[in-house]
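Examining the three-dimensional arrangement
The primary structure of each chain is shown beneath.
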Amino acid sequence: MAAGAASGGSATTDTYKEARTWLLLPAWVTLTILALAPVFMMLIYSFLTKEFRGGVIWEFSLSAYDQFFFDRGLFGDEAPKIEWTYVTIFWRSIWQAGAATLLSLVIGFPTAYFIATRSESMRPVWVFLITIPYWVNLLIRTVSMKFLLRDQGPLNDFLINIGLIDSPLHIVNTNFAVQLGLFYSYLPFMVLPIYAAVERYNFALSEAAADLYASKWTTLRRVLLPAVKPGVFAGCILVFVPSMGSFLAPDLLGGAKNFMIGSLIEEQFKGNAGNWPFGAAASMILLTMVLIILMFSARQQAKADKAGG
Amino acid sequence: MASKQFDIKSYTGFKGITLLCLVILYAPLVVVTIYSFNASQSLTNWEGVSLRWYADVFIGPESGKFKTAAKNSFIIAIIAATTATAIATLAATGMVRGGKFRFRTLSFGLISLPLMVPEIVLAVATLIFFNSIGFERGLLTILLAHIAFCIPFAYLPISARMQGIEDSYEQAALDLYATKRQAFTKILLPLMMPGIISGFLLAFIVSLDDFIITNFVKGAGVETLPTAIFGSVKQGIKPNIMAISTMLLSVSIVMVTISYFVSKTDNTK
């Protein structure tokens, strides 16, 4: 909701220039202590030695990263082989997040386009309708989704009653259920940036294409789509990044076979099997991947701004 | 001409997909709301409308647990959202009305850090941080973590609002010999109120709803509503969970609706 207003980019003024440091100090201090310092501490922990009852021993060690990538046998004295377990979990997370992003794009693009072509007074109402569910507790939404999709749940009841299927579809505890849950969690993030891009789009371009006998779908593909590409790109990032590190959807909808990074990390800090340095290392690897994606997207965005300006 | 223009803009199927999108977004919430009124003990059969599961939440065997959890949730949300809103309002004034300065981009990066870092990573980092400085886990650690991640949610609507307010009102006050402090408290703050309320409400919902970070930094035995619900759901979905969920989702929807209408009001006229 704030995106449209924030990108208005009106110039800043310097009315309170003298007080600036004092105005910003509380935010600097709070976030440095409670967000920045913790991330650095996590980086340090990922290079420490594990303590068996959770926690760490303050002794430098690379074993957390080593354990992530290499298998040295049960007693750690065999020749290192590539460890596929964790790489597979990361790969599955990327795959699941990618599928959820694609699903969001297929549903979200037409929705965003439809909203952006409504009358000016109706657009905020549509945007509001799309964003409301996002503000409902993610846990409740995921539980609701599970309830709806259960074998004996309302969806299967409904499909059987109208005679579309004979026996219930098994959706819960499959990859597809996780994708559906992720899609449901982050769909508004796909719709909003695309909506903002289509709203700014000059439809005279489409008219010009139509006047030159381009078909409607050609116009969409070759004129509109290139123009709104930054919005589509931003939407994909905003769905992909939180999906990759999500915990609730895979945990509640996926079951044990569909383990993702979030569950792997959580496991290291809960219960007795905890390995804090390993959890910190897995978090660092996830964070690094996310930062690379964000930097890449910032560069794309800068490129698009240059081309547009 | 009008009909031709309409034709160019509309694609067959897009309206259908939009409606499908709304159905997908709302169906689970509607279904849970309906089933929370189910009189039946089982989840599958419908036996008529009843408030028994709502009664169960308040006076049933688990009511004590849920009451404590709800109290914790609301106390944390109120304090965290208030603190975050105050910090965000000052920061927005420094960023939007503080002229150009060297660390502007860096400051914005720091403020939006909790939004860029995946939630589970921030949860791990915060847990490790509290552990490394020997801070006992409990309500206070939850509160501190919540203040941090609420700041960007409060900051965004507040700074957006401030960018939309011309500084001519404050300049006029300063020309009439108001001090900077007076211009800020008597002119800018009242004009900012819709943005501040909107930011507060969003921060409040985000805090009330948080599960992942809370789950990491809470001490043993300390529960908020989401962690209590998660604990229950792990043993299977029960009808009383649906009643709680319906109440909690109503709170969120009401607050977002208020936030939406407040942020639309124009009090600069």
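About the criteria used
Residues numbered from 1 in each chain as written. Chains lettered and ligands numbered in written order. Predicted model: local features only at pLDDT ≥ 70, side-chain atom pairs only at ≥ 80, totals over all residues. Heavy atoms only, no water. Axes fitted to C-alpha atoms, helices over the stretch in contact; angles between N-to-C directions. Helix = DSSP H or I, 4+ residues; strand = E, 2+ residues; numbered from the N terminus. Parallel < 35°, antiparallel > 145°, perpendicular 65-115°, else oblique. Left-handed = near helix turned anticlockwise from the far one by under 90°. Contact = heavy atoms within 4.5 Å. Buried area = accessible area lost by both parts, 1.4 Å probe. Salt bridge = Lys/Arg side-chain N within 4 Å of Asp/Glu carboxyl O. Polar contact = N/O pair within 3.5 Å; in protein donor to acceptor, adjacent residues only side chain to side chain. Nonpolar A, V, L, I, M, F, W, Y, C, P; charged D, E, K, R; others polar. Expected span 1.5 Å × (residues − 1). Bend = angle between axes of the 7 residues up to and from the residue. Buried < 20%, exposed > 50% of the residue type's maximum accessible area, 1.4 Å probe, protein only. Patch = residues over 30% accessible without salt bridge, like charges linked within 9 Å, V, L, I, M, F, W, Y side chains within 5 Å. Areas by Shrake-Rupley, 256 points an atom, 1.4 Å probe, with all protein chains shown as cover. Core = buried A, V, L, I, M, F, W, Y, C linked by side-chain atoms within 4.5 Å. Domains from an automatic or database assignment. pLDDT = per-residue confidence, 0-100.

Residues and elements named next belong to chain A. For the pair helix 4 (residues 84-116) and helix 10 (residues 216-244), interaxial distance at closest approach is 9 Å and the crossing angle is 135°. With respect to helix 10, the axis of helix 4 lies oblique. Of the two possible hands of crossing, helix 4 and helix 10 adopt the one that is right-handed. Contacts between helix 4 and helix 10 involve S93, I94, A97, G98, A100, T101, S104, L105, F109 and Y113 on the former and, on the latter, L220, L224, L225, V228, V232, C236, V239, F240, S243 and M244.

A separate point is the interface of chain A and chain B. Reports of interface size often rely on the accessible area that becomes lost once the parts have come together. Each side of the interface is counted separately: chain A has 93 residues, and chain B has 99 residues. Of the roughly 9,000 Å² buried between chain A and chain B on both sides combined, carbon and sulfur atoms contribute 77%. Across the contact surface, chain A and chain B share two salt bridges. Note that E18 of chain A is salt-bridged to K180 of chain B, the shortest N-O span being 3.3 Å. Across the chain A-chain B interface, the total number found is 17 residue pairs in polar contact (both at pLDDT 80 or more). It is helix 2 (residues 20-45) of chain A that contributes the most residues to the side of chain A that touches chain B, 19 residues altogether. For the side of chain A that touches chain B, a count of residues per class yields 62 nonpolar, 17 polar and 14 charged.

Residue and element names in this part refer to chain B. If you check helix 8 (residues 139-164), its first and last C-alpha atoms are 38 Å apart, about what 26 residues at 1.5 Å a residue would give, namely 38 Å. Within helix 8, the axis deviates most sharply at C150, by approximately 35°, and proline P152 lies no more than four positions further along. Counting buried residues along helix 8, 20 of its 26 residues qualify, which places the element largely inside the surrounding structure.

This next bit is on a nonpolar patch on the surface. A grouping of W22, L25, V29 and I33 of chain A is seen on the molecular surface, where their side chains present a nonpolar patch of about 400 Å² in accessible area. Tracing the backbone shows W22 of chain A in helix 2.

If you look at the biggest cluster of nonpolar residues, it comprises 181 residues, and the most contacted ones within it are M42 and L286 of chain A together with I128 of chain B. Of the domains in this structure, domain 1 (12-45) and domain 2 (84-268) of chain A are the two that each give at least three residues to this core. Ignoring any residue separated from it by four or fewer positions in sequence, one finds I128 of chain B in contact with M41, M42, Y45, F269, W276 and A280 of chain A.

Residues and elements named next belong to chain A. Looking at where F240 falls in the secondary structure, it is placed in helix 10. Taking relative accessible area as the criterion, F240 reaches 17% and is therefore assigned buried. With 57 residues separating them in the primary sequence, F240 and F183 have C-alpha atoms 9.6 Å apart. Residues contacting F240, with those up to four places away along its chain left out, are I94, A97, G98, T101 and I293.

The next subject is the pattern of salt bridges. If you walk through the whole model with that rule in mind, you get seven salt bridges over all chains. With a shortest N-O distance of 2.7 Å, K234 of chain B and D251 of chain A are connected by a salt bridge. A residue pair is termed interchain when its members come from two chains, as with K234 of chain B in helix 12 (residues 225-234) and D251 of chain A in helix 11 (residues 248-254). K234 of chain B sits in the partly exposed class, given a relative accessible area of 47%. K238 of chain B is paired through a salt bridge with E62 of chain B; the nearest N and O atoms lie 3.8 Å apart. Residue K238 of chain B is located in the loop between helix 12 and helix 13 (239-264), and its partner E62 of chain B is located in the loop between helix 3 (52-59) and helix 4 (63-96); the two are separated by 176 residues in the primary sequence. Linked through salt bridges whose partners overlap, the residues forming this network are E62, K65 and K238 of chain B.

Attention now goes to the side chain of S246 of chain A. All names here are of chain A. Relative to the elements of secondary structure, S246 occurs in the loop between helix 10 and helix 11. When its relative accessible area of 6% is taken as the criterion, S246 is described as buried. Within polar-contact distance, the side chain of S246 engages the backbone oxygen of S243 at 3.1 Å. Beyond its immediate stretch of four places on either side in the chain, S246 contacts L182, Y186, M260 and G262.

All names here are of chain B. Looking at chain B, the pLDDT average stands at 87 and 96% of residues meet or exceed 70. Mean pLDDT across the secondary structure elements of chain B bottoms out at helix 1 (residues 2-9), with 54, and peaks at helix 4, with 94. Residue range residues 1-6 is modelled with pLDDT below 50. Its contacts to residues more than four positions away, or to other chains, number two contacts. Across the assembled chains, the prediction reports ipTM 0.85 with pTM 0.87.

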